[in-house]
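Structural description and commentary
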Amino acid sequence: MIDLLLTILPRYTSYSDPPAGISILNAVVKKEGFNSKATDFNLIFYKELFEKNRAVWERIDKWMDRGPTAKKEKKPREKVLAGDDRKELNKIFDIWLDIIEKYNPRFVGFSVFTTYSITPALEFIPIVKKRFPNIKIIVGGAGTTPHNKKLYDMVDYYVIGEGENAIIDILNGKDGPGINGIPAEQIDDMDTIPFPDYSDFSLSQYICKGKMLRVTGSRGCVRRCNFCDVYKMWPLFRYRSGNLIAEELFYQWSTLPCKPDMFLFTDSLINGNMKMLRTFCEKLIQLQSENPEFRPKFKGQWIAGSPRFTTIDDWNLLAEAGCDTLFVGVESGSEKLRWAMNKKVKDEWLSYCIEEAYNRDIKMRWFTIIGFPEETDEDFFETVKLYERYKWMNQKENFQINISINEFTLYEVDWVIDHEDEIHYDDNNNWFYEDIIKEKRMARAIFLQKKILEWGYDYRITSLMNFIEDFSELEKILGERYGWEIFGNYDLYLKLKNDLEKKYKEMYNND
Ligand code: SF4
């Protein structure tokens, strides 16, 4: 018997690398002398379904989608899984149950990482309870926060916020912050958190074969963008010492047989504290000079700042330390709209960031939001023009900028709550705000998608574009795969897209 089995439920975006959250918890629990094991149910789900039967996987994936987190929809979403798909899912459940039986834990901790994960949690947890009535069930993770009452009622413990202290309290039979409705407290000193323990996973099973791991340098954010819910999980910005983060990279590289050499920061942004980032880079450079075979690369999210905030020396340091890719929250080409979003990034800072990264071969992914409620056609065209302006960058050898296009999502954040009276839902459950209707958002997204493909960017309308290889008939592919209702009213969508193309040509005399 073990004390705790930790696992993560689908859908956790991909199976490129093992989950960081439960790996940290595994290390915390072991450090306190408990006997624990981490396993990855999400990986089993991908291996058994995605790799073996893509069509079934897609239908189950769609079934897991719970829609926006701010709930005012007109009709409940149907959550019925067809008979054969249900059988396939039950086979996965049987594999998971066998694993639980094998380890015979006192507690099982499920990470419910996304809102998608709530659907399998609601289905699987009652089965576990029935089969193993003596095992105590814990759930935690970002996905547990919205629409959670039903989930909370079926488990022994639910944890809101960070799990490191809560899991120890639970294993010791105590109540504590974050547990079962007791207000969470954020950890002040992140340097007390041990390095994640990835040793329980079969790292060779992941797409990156264990060559890429996640690392956490900070939690929370220094900004408060109107569309973002990071502050709900981590109200305060907290960070680890740069030296310790660099030492963690070296530790993972030197102790794991697969020698991971790519590290993906889980941070909301890696430049929230420049002093920490500089120390991290300097220590990493020092470790590399002492260990010539240690040549790690890293990727992380980034907010564009002024040259005073991120100096030329900082850019040089980043490149020397091994910065591979920055995920930049561009959001919109319109400075006015970025201010309305509370992003507060000036045009000149954005250009500075893009050009300095490009000059050092630091790859980029630009996150873009389409259909923020105050976005006009003119704001949208500024995004199109921004991406047109930098299309030449894709000509460089071994360098391609990836653009991720996201429809504005109604998370339950203060801005959305404050505008509740102005946000409505149409008969198909699509939200609208004045004339920002679903059809208009899709017209803009597809218009931009086609442009960026034409201009040589790597692409992605997040989640919708996953696994599409042929873009020649984009609407047809999306309609057949996800149902034509993703465009709203398709005829209206087509009309708005034609209007948009016409207006763009008129304004810019451009084909
Ligand atoms: S900078 Fe990024 S993480 Fe921070 S609030 Fe804005 S969107 Fe969220």
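Quick caveat: nothing in here was measured; it's all calculated off a predicted structure. (Residues numbered from 1 in each chain as written. Predicted model: local features only at pLDDT ≥ 70, side-chain atom pairs only at ≥ 80, totals over all residues. Heavy atoms only, no water.)

**Thoughts on the packing of helix 3 (residues 54-64) against helix 4 (residues 83-103)**
Going by this rule: Working convention: axes come from line fits to C-alpha atoms, limited for helices to the stretch in contact. Angles between N-to-C directions cover 0 to 180 degrees. Under the DSSP-based scheme used, a helix requires at least four consecutive residues in state H or I and a strand at least two consecutive residues in state E, with every element numbered from the N terminus. When describing relative orientation, an angle under 35 degrees is termed roughly parallel and one over 145 degrees roughly antiparallel, while 65 to 115 degrees is termed roughly perpendicular and anything else oblique. Residues count as neighbours in contact if any of their non-hydrogen atoms are within 4.5 Å of one another. Think of it as three bins: nonpolar holds Ala, Val, Leu, Ile, Met, Phe, Trp, Tyr, Cys and Pro, charged holds Asp, Glu, Lys and Arg, and polar takes everything else, Gly as well.
Closest axis-to-axis distance for the helix 3/helix 4 pair is 10 Å, and the angle between their directions is 90 degrees. When the axes of helix 3 and helix 4 are compared, the pair comes out roughly perpendicular. Two secondary-structure elements touch here, helix 3 through V56, R59, I60 and W63 and helix 4 through D85, R86, E88 and L89. Its residues assigned to classes, the contact of helix 3 with helix 4 shows 4 nonpolar, no polar and 4 charged.

**Side note on the UniProt feature "domain: Radical SAM core" (unreviewed entry) in the chain**
The condition that has to hold: UniProt positions are given in the numbering used here, feature names are shortened, and annotations may be inferred rather than shown by experiment.
UniProt's entry tags residues 207-458 with the feature "domain: Radical SAM core" (unreviewed entry), counted in the numbering of this structure. With 39% helix and 19% strand, residues 207-458 has its two end C-alpha atoms placed 20 Å apart.

**Some words on the site of the ligand**
What counts, and what does not: For each residue, the test is whether any non-hydrogen atom lies within 4 Å of the molecule or strand; if one does, the residue is near.
Surrounding the ligand, one finds C221, R223, R224, C225, F227, C228, S268, I303 and K343. For the shell around the ligand, the per-class residue count stands at 5 nonpolar, 1 polar and 3 charged.

**Side note on the sheet that holds strand 6 (residues 212-215)**
Put simply, the rule reads: Strand pairing requires that DSSP identify at least two bridges connecting the strands.
Spatially, 6 strands are ordered 6-9-10-11-12-13 in an open sheet, and the strand pairing comes out parallel. Edge positions in the sheet fall to strand 6 and strand 13 (402-407), since each of these pairs with one other strand and no more. Between one strand axis and the next, the sheet turns through 20 degrees on average, direction left out of account. The strands touched by helix 13 (residues 347-359) within the sheet are strand 10 (297-302), strand 11 (323-331) and strand 12 (363-370), with strand 12 carrying the most contacts at an inclination of about 150 degrees.

**Some thoughts on the environment of L213**
Tracing the chain through its elements places L213 in strand 6. Sequence-wise, L213 and M262 are 49 residues apart; in three dimensions their C-alpha atoms are separated by 6.5 Å. Once residues within four sequence positions are removed from consideration, L213 is found in contact with P18, Y198, L203, Q252, L256, P260, M262, F263 and L264.

**Topic: the packing of helix 16 (residues 438-454) against helix 17 (residues 474-482)**
Look at helix 16 against helix 17: their axes get within 11 Å of each other, and the N-to-C directions meet at 130 degrees. Judged on the interaxial angle alone, helix 17 and helix 16 are oblique. Facing helix 16, whose interface residues are I446, Q449 and K450, helix 17 presents L474, E475 and L478.

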